[in-house]
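Each chain, letter by letter, is given below.
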Amino acid sequence: MSTAAEPKVTVLAPNTGRTIPNRDSWAVKPLTKGKTDYPFPVEWGDGTLHHKISKEKLNSVAEQIALLYNSQTPALRNAVRAFWALCWQLAGPAVTAAVVDAEPKISPYRLLWNLPLNVSLGPPSPATDPGQAFDPDTEPVLNTPG
């Protein structure tokens, strides 16, 4: 139990239609705009955003949110809603506002794909890209691949 005052955040229910947004245009404007605030090493060019936990892995979580948000089992419904509220809070107001405005509206997929703590900046195509496996933050070593 926390004694700290928790900020009041209005959490909107996710779209439970289970429509998956376009995988290739996943990022919302606050992330793409934020990327331009960082200088990249010359060899990175414009750089890119990478998911630490892949969108494919997050898809299964989003499917469960869409499926169980209105579960008839109170304990399950409460757990999913608490998790959704935490994700909403971690995403922050700029990202949640963009998720509300994007199509499909309030997509659990889009919210999870755009959690700032799961996205990092990196080279456009790292030589050691893990694909769907966990992608830890790494720093480039000059004159070596990756």
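Residues numbered from 1 in each chain as written. Predicted model: local features only at pLDDT ≥ 70, side-chain atom pairs only at ≥ 80, totals over all residues. Heavy atoms only, no water.

Q: Even after reading the chapter, I still don't get the packing of aromatic side chains, so can you show me in this structure?
A: Enumeration according to the criterion identifies two aromatic pairs in this entry. For the cation-ring pair, Arg 81 lies above Tyr 69, with the distance from its terminal atom to the ring centre recorded as 4.4 Å. (Phe/Tyr/Trp six-rings, centres within 6.5 Å; stacked < 30°, edge-to-face > 60°. Lys NZ or Arg CZ within 6 Å of the ring centre and 35° of its normal.)

Q: I'm lost on the side chain of Asn 114 in this one. Help?
A: Along the chain, Asn 114 turns up in the loop between α4 (108-113) and β2 (119-122). Residue classification places Asn 114 among the buried positions, given a relative accessible area of 0%. For Asn 114, the side chain forms a polar contact with the main-chain nitrogen of Val 28, separated by 3.0 Å. Apart from the residues within four sequence positions on either side, Asn 114 is in contact with Trp 26, Ala 27, Val 28, Leu 31 and Val 95. (Helix = DSSP H or I, 4+ residues; strand = E, 2+ residues; numbered from the N terminus. Buried < 20%, exposed > 50% of the residue type's maximum accessible area, 1.4 Å probe, protein only. Polar contact = N/O pair within 3.5 Å; in protein donor to acceptor, adjacent residues only side chain to side chain. Contact = heavy atoms within 4.5 Å.)

Q: Is there a simple way to think about unusual backbone geometry in this case?
A: Where the residue is not glycine, phi is negative for most of them; where a peptide bond is considered, it is trans in most cases. Here the amide bond leading from Glu 103 into Pro 104 is cis, since omega sits at -10°, within 30 degrees of zero. Along the polypeptide, Pro 104 turns up in the loop between α3 (74-101) and α4. Despite not being glycine, Ile 106 has its phi angle at roughly 50°, a positive value. Tracing the sequence through the fold places Ile 106 in the loop between α3 and α4. Overall, Ile 106 belongs to the buried group, its relative accessible area being 15%.

Q: Would you mind going over the pattern of salt bridges with me for this structure?
A: For side chains of opposite charge, pairing can occur when their charged atoms come near one another. The final tally for this structure, using the stated rule, is two salt bridges. One salt bridge connects Glu 56 with Arg 23, and the closest N-O pair in it is separated by 2.1 Å. Note that Glu 56 is positioned in helix α2 (residues 55-68) and Arg 23 in the segment before α1 (29-35), a separation of 33 residues in sequence. You can call Glu 56 partly exposed: its relative accessible area is 25%. The class of Arg 23 is partly exposed, set by a relative accessible area of 40%. Glu 103 serves as the salt-bridge partner of Lys 105, at 3.4 Å between the closest nitrogen and oxygen. (Salt bridge = Lys/Arg side-chain N within 4 Å of Asp/Glu carboxyl O.)

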